[in-house]
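Structural overview for review
Given next are the chains, with one letter for each unit.
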Amino acid sequence: MRHTTCLRVGLVGSLTWYFLFAAVPSSEAVEEAWRFLDGLRAAERGYYDVALEYLDRIENSPQCPDDLKEQIDYQRGITLVPASRLAPSLREKRLDQARDAFQKFVSEHPTHPLAADASTQLANVLVERGRIKAESASRPSKSAEEKKQLMAEARTQYEQARTVFEAAEKRVQDAYKATQKALEDADKAREDGTRRVIE
């Protein structure tokens, strides 16, 4: 286990250095950073722990692409969710970390194009946390008081998820309305321009 951890840390360190500090033109470095992150998270590989280490290392690097730096918490959240499925003993901890990452992203970047998706991801994490509590309550080994407490916690998670889903829906509707208005304004301006040309 220790050997595997050392190997992973060495791999991340080496590859981070290569992608961030090697003499690669900046546009290529940006593309490589994203490609590397996506490659680590690919379903057939599932190197989510390594991807999380990479995000931690790259976050404060001056070579980190601006778009990645801006959405680092979102990227961390979407990495933590599948990582939670691979390690049952860390499932709740990883989901809590994903929840915190999505909440931070949405609060710091409420108008970002990924904000609605981050809210939806956050709500899904809350639903999953509620499901875990409900499943735990259904175990025969739980006392009546423990079951009651776990079901109350599950309900709280579901209620929070509903609130987050509603906020995400409103965000999407507002964006849709803004887009519709922009399109209508552009059509009107085009019609006015055409009318002036004809006159």
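For the structure itself, look to the data block above.
In this report, we go over the structure that sits alongside the text.

What counts, and where the lines are drawn
Along every chain, residues carry numbers that run from 1 in the direction the sequence is written. Since the coordinates come from a predicted model, pLDDT governs what is reported: local features require at least 70, and pairs of side-chain atoms require 80 or more to be given and counted, while whole-chain, interface and lining totals use all residues. Hydrogens and water molecules were not included; the side-chain quantities draw on all heavy atoms of the structure. Counting from the N terminus, the helices are the DSSP runs of H or I reaching at least four residues and the strands are the DSSP runs of E reaching at least two. Accessibility here uses a 1.4 Å probe with only protein chains present; expressed as a share of the type maximum, an area under 20% marks a residue as buried, one over 50% as exposed, and anything in between as partly exposed. Should any heavy atoms of two residues lie within 4.5 Å, those residues are counted as being in contact. Shrake-Rupley sampling with a 1.4 Å probe provides the accessible areas, and residues are treated as covered by the protein chains on show and by no other component. Identification of polar contacts relies on pairs of N or O atoms within 3.5 Å, with a donor-acceptor requirement for protein atoms, meaning one able to donate a hydrogen and the other able to accept it, and with residues adjacent in sequence counted only if both atoms are side-chain atoms. All axes here are fitted lines through C-alpha atoms, helices being fitted over the stretch that makes contact, and every angle between N-to-C directions spans 0 to 180 degrees. Oblique is the label for any angle not under 35 degrees, not over 145, and not in the 65 to 115 range, which are roughly parallel, roughly antiparallel and roughly perpendicular in turn. Definitions for this section: a left-handed crossing has its near helix turned counterclockwise from the far helix by less than a right angle. A right-handed crossing has that turn clockwise. Classification convention: Asp, Glu, Lys, Arg as charged; Ala, Val, Leu, Ile, Met, Phe, Trp, Tyr, Cys, Pro as nonpolar; all other residues, Gly among them, as polar. In summary, the pairing rule links any two rings of Phe, Tyr or Trp, Trp by its six-membered ring, whose centres are within 6.5 Å, and it sorts them by plane angle into stacked for under 30 degrees, edge-to-face for over 60 and tilted for everything else. Helices are assigned an expected span. That span is 1.5 Å times one less than the residue count. By arc we mean the arc of the directions from the helix axis to the C-beta atoms, nothing more. In this analysis the probe radius is 1.4 Å and the grid spacing 1 Å, with only protein atoms considered; a cavity is a set of points the probe fits into but cannot get out of, a pocket is an open set with protein on both sides within 12 Å along at least five of seven lines, and lining residues have an atom within 4 Å of a point. Grid points are joined across faces, edges and corners, and a volume is the space filled by probe spheres set on the points. Basic side-chain nitrogens of Lys or Arg form a salt bridge, by our definition, when they fall within 4 Å of a carboxyl oxygen of Asp or Glu.

1. A word on the overall build of the protein chain
Tallying secondary structure elements over the protein chain gives 8 helices and 0 strands in all. What you see in the protein chain, going N to C, is helices and strands ordered as α-α-α-α-α-α-α-α. Burial status across the protein chain gives 35% buried among its 199 residues. Sequence separation of 24 or more characterises 60% of the internal contacts of the protein chain that already satisfy a separation of 6 or more. Summed over its atoms, the accessible surface of the protein chain is roughly 12400 Å², and 54% of this surface lies on carbon and sulfur atoms.

2. So, the side chain of Arg41
Tracing the backbone through its elements, the reader meets Arg41 in helix H2 (residues 26-41). A polar contact is formed between the side chain of Arg41 and the side chain of Asp38, at a distance of 3.2 Å. Excluding residues within four positions of it along the chain, Arg41 makes contact with Tyr48, Ala51, Gln75, Ile78 and Thr79.

3. A short note on the packing of helix H3 (residues 48-59) against helix H5 (residues 72-86)
At a minimum axis distance of 9 Å, the contact between H3 and H5 shows a crossing angle of 160°. The orientation of H3 with respect to H5, classified from their angle, is roughly antiparallel. In the crossing of H3 with H5, the sense of the turn from one axis to the other is left-handed. In this structure, H3 uses Tyr48, Ala51, Leu52, Leu55, Asp56, Ile58 and Glu59 to contact H5, whose residues at the interface are Ile72, Gln75, Arg76, Thr79, Leu80, Pro82, Ala83 and Leu86. Partitioned by chemical class, the residues of the contact of H3 with H5 number 10 nonpolar, 2 polar and 3 charged.

4. A few points about the packing of aromatic side chains
Summed over all chains, the structure comprises 3 aromatic pairs. With 5.6 Å between their ring centres and 50° between their planes, Tyr74 and Phe105 make a pair best called tilted. Here Tyr74, found in helix H5, pairs with Phe105, found in helix H6 (residues 91-108); they are 31 residues apart in sequence, far enough to count as distant. Each member of the pair, Tyr74 together with Phe105, is buried.

5. A closer look at H5
Two residues of an α-helix separated by three or four positions point the same way, owing to the 3.6 residues in each turn. With 15 residues, H5 ought to run about 21 Å at 1.5 Å a step, and its terminal C-alpha atoms sit 22 Å apart, in line with that. Most of H5 sits out of view: 12 of its 15 residues are buried. Listing the buried residues of H5 in full gives Ile72, Asp73, Tyr74, Gln75, Arg76, Gly77, Thr79, Leu80, Val81, Pro82, Ala83 and Ser84.

6. Overview of H6
Taking 1.5 Å of rise per residue, the 18 residues of H6 would be expected to cover 26 Å, and the 26 Å separating its terminal C-alpha atoms lies within 8% of that figure. Taken residue by residue, H6 has Arg91, Arg94, Leu95, Ala98, Ala101, Phe102, Phe105 and Val106 as its buried positions. Buried residues in H6, looked at end-on, bunch into an arc of 125°, giving them a common side. Along H6, the residues that are exposed and aim more than 90 degrees away from the buried face are Lys93 and Ser107.

7. Structural notes on the layout of surface pockets
Over the atoms a probe the size of a water molecule is rolled, and this reveals where empty space is left. There is about 190 Å³ of room inside the largest pocket. Surrounding the largest pocket, Ile78, Val81, Pro82, Ser84, Arg85, Arg91, Leu95, Gln121, Asn124, Val125, Glu128 and Arg131 form its lining. Elements that contribute at least two residues to the lining of the largest pocket include exactly H5, H6 and helix H7 (115-137). Broken down by class, the residue content of the lining of the largest pocket amounts to 5 nonpolar, 3 polar and 4 charged.

8. Structural notes on the side chain of Glu128
Here Glu128 lies in helix H7. Separated by 2.4 Å, the side chains of Glu128 and Arg91 make a polar contact. Contacts of Glu128, omitting those with residues within four sequence positions, involve Arg91 and Leu95.

9. Here's the deal with the pattern of salt bridges
Counted according to the given criterion, the structure contains 18 salt bridges. Note that Arg94 and Asp49 form a salt bridge whose closest N and O atoms lie 3.1 Å from each other. Of this pair, Arg94 sits in helix H6 while Asp49 sits in helix H3, placing them 45 residues apart in sequence. The partner of Arg76 in a salt bridge is Asp56, and the shortest N-O contact between them spans 3.1 Å. Here the residue Arg76 occupies a position in helix H5, and Asp56 occupies one in helix H3, the gap between them amounting to 20 residues.

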